[in-house]
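# Observations on the three-dimensional arrangement
Below are the chains, spelled out letter by letter.
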Amino acid sequence: MAKIIVVTSGKGGVGKTTTAAAFSTALALRGYKTVVIDFDVGLRNLDLVMGCERRVVYDLINVINHEGNLNQALIKDKRVENLFILPASQTRNKDALTLEGVTSVIGELKERFDFIVCDSPAGIEHGAMMAMYFADEALIVTNPEVSSVRDSDRIIGMLASKTLRAERGDAPIKEHLLVTRYVPTRVSNGDMMSAEDVQEILAVPLLGVVPESPDILRASNSGVPITLDEKSEAGQAYQDAVARFLGENRPMRFLNVKKHFFSRWFGG
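Notes on the structure in this doc start here. On a predicted model such as this, the values are computed, not experimentally measured, just so you know.

Our next topic: the overall build of the protein chain. A tally of helices and strands in the protein chain yields 13 helices and eight strands. For 268 residues, the compact-globule estimate of 2.2 N^0.38 gives 18 Å, and the C-alpha radius of gyration of the protein chain, at 18 Å, lies within 12% of that figure. In terms of its C-alpha atoms, the protein chain occupies a principal-axis envelope of roughly 70 × 40 × 30 Å. Within the span of the protein chain, comprising 268 residues, buried residues form 54% of the whole. Considering only contacts within the protein chain whose residues lie at least 6 apart along the sequence, 74% involve residues at least 24 apart. Carbon and sulfur atoms provide 49% of the accessible area of the protein chain, an area that totals close to 12500 Å². On the protein chain, the mean spot of the 31 positive side-chain charges and the mean spot of the 34 negative ones are 4 Å from each other.

With that settled, the discussion passes to the nonpolar core. Membership of the largest hydrophobic core comes to 56 residues, with the highest contact counts inside it found for Phe39, Leu86, Leu97, Leu109 and Ile116. Among all residues touching Phe39, those that are not within four sequence positions of it are Leu60, Leu97, Val102, Cys118, Asp119, Pro121, Gly127, Met130 and Ala131.

Attention now moves to the packing of aromatic side chains. Counted according to the given criterion, the structure contains five aromatic pairs. An angle of 80° between the planes, with centres 5.2 Å apart, marks the rings of Tyr32 and Phe115 as edge-to-face. You can see Tyr32 sitting in the loop between helix H1 (16-29) and strand S2 (34-38) and its partner Phe115 sitting in strand S5 (residues 115-119), a full 83 residues away along the chain. The partly exposed category is assigned to Tyr32, whose relative accessible area is 31%. A cation over an aromatic ring shows up here: Lys33 above the ring of Phe113, its NZ or CZ 5.3 Å from the ring centre.

Moving on, we come to the packing of helix H7 (residues 146-161) against helix H10 (residues 195-202). Between H7 and H10, the shortest axis-to-axis distance is 10 Å and the interhelical angle comes to 35°. By crossing handedness, the relation of H7 to H10 is classed as right-handed. Residue-level inspection shows Val149, Ser152, Asp153 and Ile156 of H7 in contact with H10, the latter providing Val198, Ile201 and Leu202. The residue inventory of the contact of H7 with H10, partitioned by class, reads five nonpolar, one polar and one charged.

A few words on the environment of Met252. As for its position among the elements, Met252 is in the loop between helix H12 (233-245) and helix H13 (261-265). A relative accessible area of 29% places Met252 in the partly exposed class. For the pair Met252 and Lys231, spaced 21 residues apart in sequence, the C-alpha to C-alpha distance is 17 Å. The residues touching Met252, leaving out its near neighbours within four places in the chain, are Leu206, Leu207, Gly208, Val209 and Arg244.

Moving on to the pairing of S5. Burial within S5 is extensive, with five of its five residues counted as buried. Residue alternation in S5 divides its side chains into two sets, Phe115, Val117 and Asp119 and Ile116 and Cys118, and both sets are buried. Note that S2 and S5 share five bridges and pair parallel. Residue pairing across strands places Thr34 opposite Phe115, the latter belonging to S5.

Below, the discussion takes up the side chain of Asn62. Looking at where Asn62 falls in the secondary structure, it is placed in helix H3 (residues 60-64). At a separation of 2.7 Å, a polar atom in the side chain of Asn62 contacts the side chain of Glu67.

Let's shift gears to the side chain of Ser152. Looking at the element boundaries, Ser152 is found in helix H7. Judged by its relative accessible area of 0%, Ser152 is buried. Ser152 has contacts with Ser9, Gly10, Ile140, Val141, Thr142 and Leu202, leaving out every residue within four places of it along the chain.

Calculation criteria
- Residues numbered from 1 in each chain as written.
- Predicted model: local features only at pLDDT ≥ 70, side-chain atom pairs only at ≥ 80, totals over all residues.
- Heavy atoms only, no water.
- Helix = DSSP H or I, 4+ residues; strand = E, 2+ residues; numbered from the N terminus.
- Rg over C-alpha atoms; globule rule 2.2 N^0.38 Å.
- Buried < 20%, exposed > 50% of the residue type's maximum accessible area, 1.4 Å probe, protein only.
- Contact = heavy atoms within 4.5 Å.
- Areas by Shrake-Rupley, 256 points an atom, 1.4 Å probe, with all protein chains shown as cover.
- Lys, Arg positive; Asp, Glu negative; His and termini not counted.
- Charge placed at Lys NZ, Arg CZ, Asp CG, Glu CD.
- Core = buried A, V, L, I, M, F, W, Y, C linked by side-chain atoms within 4.5 Å.
- Phe/Tyr/Trp six-rings, centres within 6.5 Å; stacked < 30°, edge-to-face > 60°.
- Lys NZ or Arg CZ within 6 Å of the ring centre and 35° of its normal.
- Axes fitted to C-alpha atoms, helices over the stretch in contact; angles between N-to-C directions.
- Left-handed = near helix turned anticlockwise from the far one by under 90°.
- Nonpolar A, V, L, I, M, F, W, Y, C, P; charged D, E, K, R; others polar.
- Pairing = 2+ DSSP bridges.
- Polar contact = N/O pair within 3.5 Å; in protein donor to acceptor, adjacent residues only side chain to side chain.

Given below as structure tokens:
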């Protein structure tokens with residue numbers, strides 16, 4: 001039976017779709033059959049980040065409305081054997097995400113996949129609530145700045161009260177904190193919140209820190225999940241996060257300012 005992971009945050013632009021693409025790709029690379037679903041009906045960016053926009057024929061709403069079946073809508077990634085994408089509709093309203101329809105789609109996917117990764121739209125509107133409703137675990141993505149952290153705190157409250165697990169009185173959703181766009185030099189200068197500060201405010205276990213990197217923008221524009229770039233520190237950070245998610249012990253990298261060769265010799 002599949003484990004359902006929602007990638008969520010209160011604020012837009014923090015890297016949810018990048019994270020959903022990177023995390024699902026890393027899970028698939030480890031041999032887990034993984035599907036990533038775009039819940040951002042009306043906008044639809046996941047297919048661009050995954051590089052499969054030209055292959056979209058049917059989408060999530062088509063399946064919900066019985067205008068196509070799941071096999072027609074699922075897009076198999078050409079680079080990673082175990083990875084599939086279920087795109088959102090670009091032309092429908094978010095209200096097309098009915099609870100009955102999403103329940104049916106999730107139920108069918110749970111029989112076929114090890115992990116279902118739900119890419120949530122920003123905020124607390126209908127699409128975001130649908131993305132988190134069935135979750136077993138949540139990746140709370142935040143930038144190290146006050147408004148992003150405050151909005152994430154609101155989402156944490158929703159995860160505790162507005163989901164299927166909360167309604168049933170089941171064990172709560174397991175939460176993981178992922179701090180993105182992190183710049184250690186700015187933290188050391190006092191211009192950016194530290195990952196420890198963010199974790200202390202949100203009271204969520206820190207899964208990983210993803211450094212600010214131009215590689216992410218290049219990867220997104222090329223339609224290549226950043227975890228496929230083995231040389232990228234951002235890609236390595238996501239790989240580390242997935243390893244920790246799966247129970248491996250990985251040291252937390254990218255938290256501190258790098259010391260260069262000459263600074264080590266001359267005490268810098």
